[in-house]
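Listed here are the chains, written in short residue letters.
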Amino acid sequence: MGVVRQLYQLQEIDFELESAEQALVQIEGRLGENQAVVTAQEEFVMEQRRLEELQRQQHAAEGEVDKLAAKLASVEEEMYSGRIGNPKELANLQHEADGLKSRRGQAEDRTLEVMERVAAVEARVSALGSELGRMEEEWNDEQLRLEAEGERYKELKAGLEQQRRQLISDIDEEAVAIYEDIRRRKNRAVASVEQGICRGCGISLSTTQLQQAKGDRLVQCSSCGRILFFA
Ligand SMILES: [Zn+2]
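Residues numbered from 1 in each chain as written. Predicted model: local features only at pLDDT ≥ 70, side-chain atom pairs only at ≥ 80, totals over all residues. Heavy atoms only, no water.

Engineer: Which residues make up the coordination of the zinc ion, and what values do they have?
Structural biologist: Protein coordination at the zinc ion: the donors are Cys198 (SG), Cys201 (SG), Cys221 (SG) and Cys224 (SG), at 2.2 to 2.4 Å from the metal. Here the zinc ion binds four donor atoms, and the angle range of 105 to 113 degrees at the metal identifies the geometry as tetrahedral. Going along the chain, you hit the donors of the zinc ion in the pattern C-x2-C-x19-C-x2-C. Of this pair, cysteine 201 sits in the loop between β2 (197–198) and α5 (207–214) while cysteine 224 is found in the loop between α5 and β3 (227–229), placing the two residues 23 residues apart along the sequence. Exposure remark for cysteine 201: the relative accessible area of 35% places this residue in the partly exposed category. (Donors = N, O, S within 2.8 Å, 3.2 Å for Na, K, Ca; no water. Tetrahedral: all angles 85-135°; square planar, octahedral: opposite > 155°, others 65-115°. Helix = DSSP H or I, 4+ residues; strand = E, 2+ residues; numbered from the N terminus. Buried < 20%, exposed > 50% of the residue type's maximum accessible area, 1.4 Å probe, protein only.)

Below, the structure written as structure tokens:
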């Protein structure tokens, strides 16, 4: 095989290596990345705390209702016990009972209001919990998929590196050095020639250059310096 064809093959391997390396960088960037899950977890915990606070409020409001009811029962028990004959004292007890009834009514309203809020937040916590579970599962699957994909790219890369070493050991050292030098400066070191034009820079090549290049000798484009290759 001529040296230019070998360099062209080397370039193909280098491009494949480059894209494998880029894919690996992307995969590594996405491994361990779980910002969306962390945000969902934080929101879930926050809503759980809100629920606990509301449940405490509900408990306190219910306790208040019970306390007022007990107090009212004891006032009414005294009122109807027959032990009190004094009309003024009875009127006072009646007044106290009315006050307690009104406060109990207010406390009951508060309890209902808090219970409604508890129910709403409970529903939200439950929805957030299922959403979080789904996200965590998805994230785990994604991580496993990325790890497997990363492994595949690592194997591909190792195979390409092996191919590259083998190919390079067969190519003239000086030609490899020229290739590497152009590659560093221009990324693509070997340019194909089509219809007398260097595909690297688009210039029309002279007849002399074309004749030299056709012989599979290492000829560089007079304009861009790339190694000319007839496919
Ligand atoms: Zn050129």
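Structure's up, so let's keep going.
Engineer: Pulling in residues and values, what's your account of the pattern of salt bridges?
Structural biologist: Inspection of the entire model under this criterion finds 20 salt bridges. For glutamate 77, the salt bridge goes to arginine 83, with nearest N and O atoms at 3.7 Å. Glutamate 77 sits in the partly exposed class, given a relative accessible area of 47%. Its salt-bridge partner being arginine 164, residue glutamate 180 comes within 3.0 Å of it at the nearest N-O pair. Taken together, the residues span a long stretch of sequence, with glutamate 180 in helix α4 (residues 173–186) and arginine 164 in helix α3 (residues 87–170) at a distance of 16 residues. The two residues glutamate 180 and arginine 164 agree in class, both being buried. Salt bridges here are not isolated pairs; linked through shared partners, they connect Asp14, Arg164, Glu180 and Arg183. (Salt bridge = Lys/Arg side-chain N within 4 Å of Asp/Glu carboxyl O.)

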